[in-house]
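Inside the fold
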Amino acid sequence: MEKVVALTKRRGFIYPSSEIYGGLSGFYDYGPYGVALKRAIRDLWWRHVVELRDDIVGLESTLIMPEAVWEASGHLANFVDPLRQCLGPCRRRWRADQLLGDRCPQCGGVLDDVRMFNLMFKTHVGPVEDRASEAYLRPETAQGMFVDFKNVISSTRVRVPFGIAQQGKAFRNEITPGNFLFRVREFELMELEYFVKPREDDEWFDYWRKERMRWHTDVLGVDKSRLRFYDHPKESLSHYSKQTTDIEYEFPFGWGELEGIADRTDYDLAVHQEKSKQDLTYLDPETNERYLPWVIEPAVSVERIFVTLLLDAYDEDVVNNEPRVVLRLHPNVAPVQVAVVPLSKKEELIKVAQEVVRSLRGEFRAEYDQTGGHIGRRYRRQDEIGTPFCVTVDFDTLSDKAVTIRMRDSTAQERPSIDSLNERLKALIAAH
Ligand code: GAP
């Protein structure tokens, strides 16, 4: 983990938020390569969950929502962690459910009694800071999809079973943020609420468990042997859930939740119907029955996927008797999919290399690297940021109109014509 954290800072993936002022625990900024990786994750989720299907529509609801929403959803009462503070010299706060015994793990001091701590960030809307103006930054995007449920069914032609999908920021005032991006206080959720006929939840729950696992392995390329399902026992379920399965990844600190798939039944629609006094039922055109659909919810954050991909891809090997660090990212997610490098800074090579990179842009995430320096060093830099293909323009290119593709993983090389480069790269990505 330390090596990955250092690499992400060194190479412009992740910086601590507001670092020049000492940072803010549990908040991170994304640098240029981080943004590219993050957007790739987000786009692939949207593509597979929304665009490639005809049963799921998108939504973007607000980040700030009134107290009534969180009162109804149960988050005001239940979205809490047990907190204990050290009364000794370090004064640290701990999650009580992660402690063994009554002493502070850091300084050995005595711990105070357990208090329940609500994880939602509170703010005020408008100039007056009173009870009536209190609102909350959402801790999940899901509630937006439930409170807009009526709007979606009356303004579109969706038919049960169907889903509403949303990506966007969520905020949780975690007591113990940590393990880099694994547990942060501001993160980006990608959630699907999939509405099904009452009591048809078991089959859809099973479908989404498998479908989401497939996405992580086949689309993102996560190592199958480091993923597993974990079925929650009844006593650890969230307040809204009938059954929950986590897709877990084997992190350096142990198996941990990557994505959760929950069977929320009609819990949320029922509580919002009751509290808002609005009819949220769905009229089934086949049976003419009115009912509240049940919901299967796959939910994952970009941050958990981001840290998983980096840990999964990090490798060290030896090439030409020299040790190298390489991120073996799947080409679907690599921040740079192809780097074009002219062998030297000679004018005629630069001109061709720039033409080549222009012809690749739009189709691939392409980077032009003319930093000079030994070609081997430039390859190593691309290896470290996970670029699967480097395209080298050399002096032979001027006569044979061909370039060298150098593969990150094997370091093997091949020489296609410039005309066929685009197609060749597409084929290499598809075959990965
Ligand atoms: N709407 C359901 C829900 O929010 P959750 O298990 O609390 O369920 C869903 O969170 C997903 O969000 C998790 O599986 C994980 O991927 C991610 N997640 C949760 N808390 C996080 C945090 N503090 N930092 C980063 N990601 C987090």
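Just above, that's the structure.
Residues numbered from 1 in each chain as written. Predicted model: local features only at pLDDT ≥ 70, side-chain atom pairs only at ≥ 80, totals over all residues. Heavy atoms only, no water.

With 14 residues, helix α10 (residues 347–360) ought to run about 20 Å at 1.5 Å a step, and its terminal C-alpha atoms sit 20 Å apart, in line with that. Along α10, the residues that are buried comprise Leu 349, Ile 350, Val 352, Ala 353, Val 356, Val 357 and Leu 360. In a view along the axis of α10, the buried residues occupy a sector of 170°, so they form one face of it. In this structure, α10 carries Glu 347, Lys 351 and Arg 358 as exposed residues pointing more than 90 degrees from its buried face. Looking at the buried side of α10, the elements it contacts are β20 (338–342), β21 (366–368), β22 (389–393), α12 (395–400) and α13 (418–430). Within two residues after α10, Gly 362 carries a phi angle of roughly 95°, on the positive side. (Helix = DSSP H or I, 4+ residues; strand = E, 2+ residues; numbered from the N terminus. Expected span 1.5 Å × (residues − 1). Buried < 20%, exposed > 50% of the residue type's maximum accessible area, 1.4 Å probe, protein only. Arc of directions from axis to C-beta. Contact = heavy atoms within 4.5 Å.)

Surveying the vicinity of the ligand reveals 21 residues, the closest of which are Glu 140, Arg 172, Glu 191, Glu 257 and Leu 258. Within the side chain of Glu 174, one N or O atom sits 2.8 Å away from a nitrogen atom of the ligand. Contacts to the ligand include Val 184, whose backbone N or O atom sits 2.8 Å from a nitrogen atom. Among the cavities detected, the one that contains the ligand is the largest pocket. (Near = heavy atom within 4 Å. Polar contact = N/O pair within 3.5 Å; in protein donor to acceptor, adjacent residues only side chain to side chain. 1 Å grid on protein atoms, 1.4 Å probe; cavity = no way out; pocket = protein on both sides within 12 Å on 5 of 7 lines; lining within 4 Å. Sits in = over half its atoms within 2 Å of the grid points.)

Taken as a whole and judged by the stated rule, the model has zero disulfides. Unpaired in terms of disulfides, Cys 90 finds its nearest cysteine sulfur in Cys 104, a separation of 3.6 Å. As a non-bridged cysteine, Cys 107 has Cys 86 as the owner of its nearest cysteine sulfur, 3.5 Å distant. Using a relative accessible area of 32% as the deciding quantity, one classes Cys 107 as partly exposed. (Disulfide = S-S within 2.5 Å.)

Taken together, Leu 63, Ile 64 and Val 125 make up a surface patch of nonpolar side chains, about 240 Å² in accessible area. Take Ile 64: it is sitting in strand β4 (residues 64–66). The class for Ile 64 is partly exposed, based on a relative accessible area of 39%. (Patch = residues over 30% accessible without salt bridge, like charges linked within 9 Å, V, L, I, M, F, W, Y side chains within 5 Å. Areas by Shrake-Rupley, 256 points an atom, 1.4 Å probe, with all protein chains shown as cover. Salt bridge = Lys/Arg side-chain N within 4 Å of Asp/Glu carboxyl O.)

What follows concerns the nonpolar core. Ranked by size, the top nonpolar core spans 62 residues in total, and within it Phe 13, Ile 305, Phe 306 and Leu 309 carry the most contacts. Here this core gets eight residues from one element, more than from any other, and that element is helix α9 (residues 302–313). Grouped together as the second largest cluster of nonpolar side chains are 20 residues, Leu 349, Val 357, Ile 405 and Leu 428 included. (Core = buried A, V, L, I, M, F, W, Y, C linked by side-chain atoms within 4.5 Å.)

Another aspect to go through is the layout of surface pockets. Quantified by volume, the largest pocket comes out at close to 1300 Å³. Lining the largest pocket are 44 residues, with Phe 79, Arg 172, Arg 183, Ser 238 and Glu 257 sitting closest to its centre. The set of elements that each furnish at least two residues to the lining of the largest pocket consists of α4 (75–78), β5 (80–85), β11 (186–196), β13 (243–251), β14 (254–265), β17 (294–301) and α9. The leading source of residues in the lining of the largest pocket is β14, at seven residues. Of the volumes computed, that of the second largest pocket is approximately 360 Å³. Lining the second largest pocket are 14 residues; nearest its centre among them are Leu 44, Asn 332, Gln 337, Glu 363 and Arg 365. Mapped by element, the contributors of at least two residues to the lining of the second largest pocket are α2 (32–51) and α13. A total of five residues in the lining of the second largest pocket trace back to one element, the largest contributor, which is α2. Its residues assigned to classes, the lining of the second largest pocket comprises five nonpolar, three polar and six charged. (Points joined across faces, edges and corners; volume = space filled by probe spheres on them. Nonpolar A, V, L, I, M, F, W, Y, C, P; charged D, E, K, R; others polar.)

Taking strand neighbours across the sheet as the criterion, the three strands line up as β6-β5-β7 in an open arrangement whose pairing is antiparallel. Each edge of the open sheet carries a strand with a single partner, namely β6 (93–95) and β7 (115–118). Averaged over all pairs of adjacent strands, the angle between strand axes in this sheet comes to 45°, irrespective of strand direction. Here β5 runs beside β6; their pairing, made up of three bridges, is antiparallel. Note that in β6 the partner of Arg 84 across the bridge is Trp 94. (Pairing = 2+ DSSP bridges. Axes fitted to C-alpha atoms, helices over the stretch in contact; angles between N-to-C directions.)

In this section: the packing of aromatic side chains. The tally for this structure, following the rule as stated, stands at 17 aromatic pairs. Geometrically, the ring pair formed by Trp 45 and Trp 46 is tilted, given 6.2 Å between the ring centres and 35° between the ring planes. For Trp 45, a relative accessible area of 1% puts it in the buried group. Look at Tyr 249 and Phe 251: their rings are 5.1 Å apart centre to centre, the planes differ by 70°, and that puts the pair in the edge-to-face class. In this pair, the class of Tyr 249 matches that of Phe 251, namely buried. (Phe/Tyr/Trp six-rings, centres within 6.5 Å; stacked < 30°, edge-to-face > 60°.)

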